Amino acid sequence: MDATELLKKIRKIEIKTRGLSQDIFAGEYHTAFKGRGVIFSEVREYQYGDDIRDIDWNVTARHNKPFVKVYEEERELTMMLLIDVSGSRNFGAVGIEKKEMMAEIAATLAFSSIQNNDKVGVIFFSDKVEKFIPPKKGRKHILLIIREIIDFHPENTGTDINLVLEYMTNMVKKRCTAFLISDFIDDHDYTKSMSIANRKHDLVAVQVYDKRDTQLPDVGLLRMRDSETGRMLWVDTSSSKTRKMYDRMWYDRQQKLTETTLRSGVDIASIATDEDFVKSLLGLFRKRGMR
């Protein structure tokens, strides 16, 4: 992509996603995530209605009456975008390519953070950590991130969600809100690393998928290439057995994702590339805001 085309694309995404973040997402984002970053402030005597989970048992034992810990909201949060740049993101049969949808979602989240004076950082990953952009504030930084999202060229094509979650857990010391944006085409078991990451941070999963990921059309004999391994193979899509196997692969992968996020306590939104992501993200934000 040449410089002129890249700048046009950045500008187009900025206009669309900044408008969304200002007009729609800013308040919902604040409600859903702002109160999640808290720091210890002081202890005071227990009052009727206080949450018993906040009782400081050490101070209570010393004074022989209940005291609770008081927290205050941090003035700013850190948002981390964990963006899948593996080969499968280039697929696009129904709607736009997955990587375009991921870019728009990431840009909208990034601009929403500006409205709330938060820092934003990015980790691009395949089956290795491809690039880490440390969290910073400001429009200039956001535009740098969008440029990277649009024009980033990874070295590898595979996917390893375990690796990026472990990297974030070790690299990002301060508690953050992290959005894991991926199609989740990954054969690794990432339950443990997801649970650990969500205990230390506030992790949210955003699945972007193409409807051709879910079902194989009956169009005869096709030569297909695995975008992550590069392997070529002939597939007879007219075979009902082949189509059922393909359907089963999708079902098993979704079951794994659902069970993993449930066990880990991670909220998830699944968004198809021919759908409006705004509705799905708003639903996710409002669900969290009601807790």
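Everything below is about the structure printed above this text.
*Asks:* I tried to follow the pattern of salt bridges on my own but got confused; where do I start?
*Replies:* Working definition: two side chains of opposite charge can pair if their charged atoms are close together. Counting across every chain of the model gives eleven salt bridges. E97 is the salt-bridge partner of K99, the closest N and O atoms lying 3.9 Å from each other. For K99, a relative accessible area of 31% gives the class partly exposed. For K98, the salt bridge goes to D213, with nearest N and O atoms at 3.1 Å. One end of the pair, K98, is in helix 3 (residues 98-115); the other, D213, is in helix 7 (residues 211-214), with 115 residues separating them in the sequence. Pair check on accessibility: K98 and D213 agree, each one buried.

*Asks:* Please explain the packing of helix 3 against helix 4 (residues 139-151) as it appears in this structure.
*Replies:* Helix-helix packing is described using two parameters, namely the angle between the two axes and the distance between the axes. Here helix 3 crosses helix 4 at 170 degrees, and the two axes come no closer than 10 Å. One element, helix 3, and the other, helix 4, form an angle in the roughly antiparallel class. Seen from helix 3, the contacting residues are A103, A106, A107, A110, F111, S113 and I114; seen from helix 4, they are R139, I142, L143, I146 and I149.

*Asks:* When you look at the side chain of H141 in this model, what are you seeing that I'm missing?
*Replies:* Topologically, H141 is positioned in helix 4. Sequence-distant contacts of H141, defined by excluding residues within four places in its chain, comprise V120, I133, P134, P135 and K136.

*Asks:* How do you make sense of helix 8 (residues 240-264) when you look at a structure like this?
*Replies:* In an α-helix, one full turn covers 3.6 residues, which means residues spaced three or four apart are oriented alike. With 25 residues, helix 8 ought to run about 36 Å at 1.5 Å a step, and its terminal C-alpha atoms sit 36 Å apart, in line with that. Residues W250, R253, Q254, L257, T260, T261 and S264 constitute the buried set of helix 8.

About the criteria used
Residues numbered from 1 in each chain as written. Predicted model: local features only at pLDDT ≥ 70, side-chain atom pairs only at ≥ 80, totals over all residues. Heavy atoms only, no water. Salt bridge = Lys/Arg side-chain N within 4 Å of Asp/Glu carboxyl O. Buried < 20%, exposed > 50% of the residue type's maximum accessible area, 1.4 Å probe, protein only. Helix = DSSP H or I, 4+ residues; strand = E, 2+ residues; numbered from the N terminus. Axes fitted to C-alpha atoms, helices over the stretch in contact; angles between N-to-C directions. Parallel < 35°, antiparallel > 145°, perpendicular 65-115°, else oblique. Contact = heavy atoms within 4.5 Å. Expected span 1.5 Å × (residues − 1).

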